[in-house]
Amino acid sequence: MATGRVSTRVRTVLRASLGFATIGLGTSFCGAGLVLLLLWLQGLPEGLGQGRWIILVCAIGYVLLAFLVGAVWAAYLQRRTVVWFLAGRGPTPQEATRALRIPVDLAVVSGTLWAGGAVFFGVLTAVFGTWIDALAVVLTIVLGGLATVGLTYLAAERVARPLLSASLTVAGPRGPTTVLTRLVVTWGLSSGVPLVGVLFLVLPPNIGDTDPTSSLLVLSLIGLVLGALATALFARAVAAPLQRLRAVLDDIRAGRRDVAVPIDDAGEIGMLQTSVNDLATGLREQERLRDLFGRHVGDDVVRHALEHGVSLSGDMREVCALFVDVADSTALASELPPDEVVRRLNRLFEVVVAATNSNGGLVNKFQGDAALCVFGAPARHADPATSALRTARAIRDAVRERGELDLGIGVATGQVFAGQLGSRSRLEYTVIGDAVNEAARLTEHAKGVPGRVLASGLTIEAAVRSERDHWTEHADIHLRGRPAPTTSWTA
């Protein structure tokens, strides 16, 4: 695996090196050919007399020398830049900043060599010709150099994208400059350079002695070709990351949160990529918090809190309260290690949660070895009594089958307050009312009943006949704290 990663990094660097070499060779020789063609169309070599051969030989020598110097210079810059990439480590902030400057550095290399050529051949032409000839040569070389530098910058951004992407993870996007720079370079290649060349040809002093029609035609064709290349590079540099951004945003809209877009641009697009990643991270954190919140209080309570916000309020509801409590919990805690008690309680609560959720109820809270379940709040329930009674029987049967714990279950129906209780800094959704107290008191008596389940008479009356058939009347019980006896039923 490690060998594969190393070979991948080496291939990436080799592709980048080959791409830089191709950029340097192609743009330099194309630019030199462009300059020679324009000068030849203007008849400048002929106007220089015998000195044209000296200038021609010097031009060939300078092109070869410039290519050699540029290759060595670019190789030095690249070697200094990608050593961390080959080593398989992340760049330091200084190395990342240096890597992000690769397109600019290569453009500076190309521009420096072209500027040197303009000065050298301008002086050489002035020696063998006139100052007008020298001006023509300098302006033509400058135009060729601008075209070469612009193409070098745009192409280098494309070739160096893998290195730039790795560097941006450390340095981050640098600000709103890249798209503007690309636009300016694209305009210069497609419009600026050709139009400036046209102005040099048609405005005095006249450059050369021939008809400028051929030169104007060549400049127009050059503008079309360079404009197409520059626009294609610019469109590719902008469209490709935007397509990836759209794909990630579509995933986020579809509900995926484990997505991220690679940051491979140092300007506005990179800042947008960072923002989208921050958005996905924030949504992922919200989902995690909502999941944790839901696990603690229940999904219905989460939806209620999101709908009503932070409010110390609630409403009166007709609900069924189901209370589950472990029998002889004190003796159980003295006989078993604490971790084993916890494991058994967790297995009990798994049964309670599953049975309650499947019947449309809410496990409102766990109280040590007891649990309070509510049917009818916060979400309204079409038949809370039937669901609560069915849940009580399901919990009792599942716990008996496991044989780990003994328990009591009480079910009662009545009006309660259902809402958020506490303070604005600490809230809890709860239900308060006589039905809750009645269910808790019935649970105490249920621990001594063979069926281990007791329900109030009002609950049995509110249930459907098919559920009532599972229950038989037990006795009238005087519950602690209640003045009148409660009619109880067992299953």
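All of these numbers come straight from a predicted model, not from anything done at the bench.

Caption draft 1: Broad picture of the overall build of the protein. When you go through the protein residue by residue, the secondary structure sums to 17 helices and eight strands. Within the protein, the fraction of its 491 residues that count as buried is 45%. Only carbon and sulfur atoms are counted for the fraction: they give 63% of the accessible area of the protein, which is about 25,000 Å².

Caption draft 2: The nonpolar core, seen in detail. Leu322, Leu348, Ile395, Ile409 and Val411 are the most contacted members of the largest nonpolar core, which totals 31 residues. Of all the secondary structure elements, the ones that give two or more residues to this core are strand S1 (314-326), helix H13 (338-358), strand S3 (370-375), helix H14 (384-402), strand S4 (407-423) and strand S6 (453-456). Counting residues per element, this core draws most heavily on H13, at seven residues. With 23 residues, the next largest nonpolar core counts Ala370, Val374, Ala412 and Leu442 among its residues.

Caption draft 3: Fine view of the packing of aromatic side chains. In total, this model carries one aromatic pair according to the counting rule given. Ring plane angle 45° and centroid distance 4.5 Å describe the contact between Phe349 and Phe366, whose orientation is recorded as tilted. A residue pair is termed long-range when its members are at least 10 positions apart, and Phe349 in helix H13 and Phe366 in strand S2 (residues 362-367) qualify at 17 residues.

Caption draft 4: Spatial organisation of the packing of helix H5 (residues 102-128) against helix H6 (residues 131-159). For the pair H5 and H6, the least separation of the axes is 9 Å and the interaxial angle reads 170°. The orientation of H5 relative to H6 falls into the category roughly antiparallel. The residue makeup of the contact of H5 with H6, split by class, is 16 nonpolar, nine polar and two charged.

Caption draft 5: Seen up close, the pairing of S2. Pairing of S2 with S3 involves five bridges; the strand directions are antiparallel. By the bridge assignment, Lys365 is partnered in S3 with Leu372. Counting the residues in the hairpin turn of S2 and S3 gives two residues, including Gly368, whose phi is positive at 65°.

Caption draft 6: Inspection of the environment of Gly144 at higher detail. Within the secondary structure, Gly144 sits in helix H6. Using a relative accessible area of 2% as the deciding quantity, one classes Gly144 as buried. For the pair formed by Gly144 and Ala118, sequence separation is 26 residues and the distance between their alpha carbons is 9.9 Å.

Caption draft 7: Main features of unusual backbone geometry. The omega angle of the peptide bond from Ala377 to Pro378 is -5°, so this bond is cis rather than trans. Mapping Pro378 onto the fold places it in the loop between S3 and H14. One non-glycine residue with positive phi stands out, namely Arg452, at about 60°. Here Arg452 is to be found in the loop between helix H15 (434-446) and S6.

Caption draft 8: Local environment of the packing of H6 against helix H7 (residues 161-171). Axis separation between H6 and H7 bottoms out at 5 Å; the angle between their running directions is 70°. When the axes of H6 and H7 are compared, the pair comes out roughly perpendicular. On the side of H6, the interface is formed by Glu157, Arg158 and Val159, while H7 contributes Arg161, Pro162 and Leu164. Of the residues contributing to the contact of H6 with H7, the split by class is three nonpolar, no polar and three charged.

Caption draft 9: Spotlight on the pattern of salt bridges. Taken as a whole and judged by the stated rule, the model has 16 salt bridges. Between Glu340 and Arg343 there is a salt bridge; the shortest N-O distance is 3.1 Å. One end of the pair, Glu340, and the other, Arg343, are both in helix H13, three residues apart, so they sit about a helical turn from each other. Each member of the salt-bridge network shares a partner with another, and the members are Asp339, Glu340, Arg343, Arg344, Arg347 and Glu404.

Caption draft 10: Region of interest: H15. Compared with the 18 Å implied by 1.5 Å per residue over 13 residues, the 18 Å span of H15 between its first and last C-alpha is a close match. Here the buried face of H15 lies against S1, S3, S4, strand S5 (426-432), S6 and strand S8 (486-490).

Caption draft 11: Just the side chain of Asn359, in detail. Of note, Asn359 is situated in the loop between H13 and S2. Using a relative accessible area of 12% as the deciding quantity, one classes Asn359 as buried. If near-sequence neighbours (up to four positions away) are discounted, Asn359 is found in contact with Phe375, His381, Ser387, Arg390 and Thr391.

Thresholds applied
- Residues numbered from 1 in each chain as written.
- Predicted model: local features only at pLDDT ≥ 70, side-chain atom pairs only at ≥ 80, totals over all residues.
- Heavy atoms only, no water.
- Helix = DSSP H or I, 4+ residues; strand = E, 2+ residues; numbered from the N terminus.
- Buried < 20%, exposed > 50% of the residue type's maximum accessible area, 1.4 Å probe, protein only.
- Areas by Shrake-Rupley, 256 points an atom, 1.4 Å probe, with all protein chains shown as cover.
- Core = buried A, V, L, I, M, F, W, Y, C linked by side-chain atoms within 4.5 Å.
- Phe/Tyr/Trp six-rings, centres within 6.5 Å; stacked < 30°, edge-to-face > 60°.
- Axes fitted to C-alpha atoms, helices over the stretch in contact; angles between N-to-C directions.
- Parallel < 35°, antiparallel > 145°, perpendicular 65-115°, else oblique.
- Nonpolar A, V, L, I, M, F, W, Y, C, P; charged D, E, K, R; others polar.
- Pairing = 2+ DSSP bridges.
- Contact = heavy atoms within 4.5 Å.
- Salt bridge = Lys/Arg side-chain N within 4 Å of Asp/Glu carboxyl O.
- Expected span 1.5 Å × (residues − 1).

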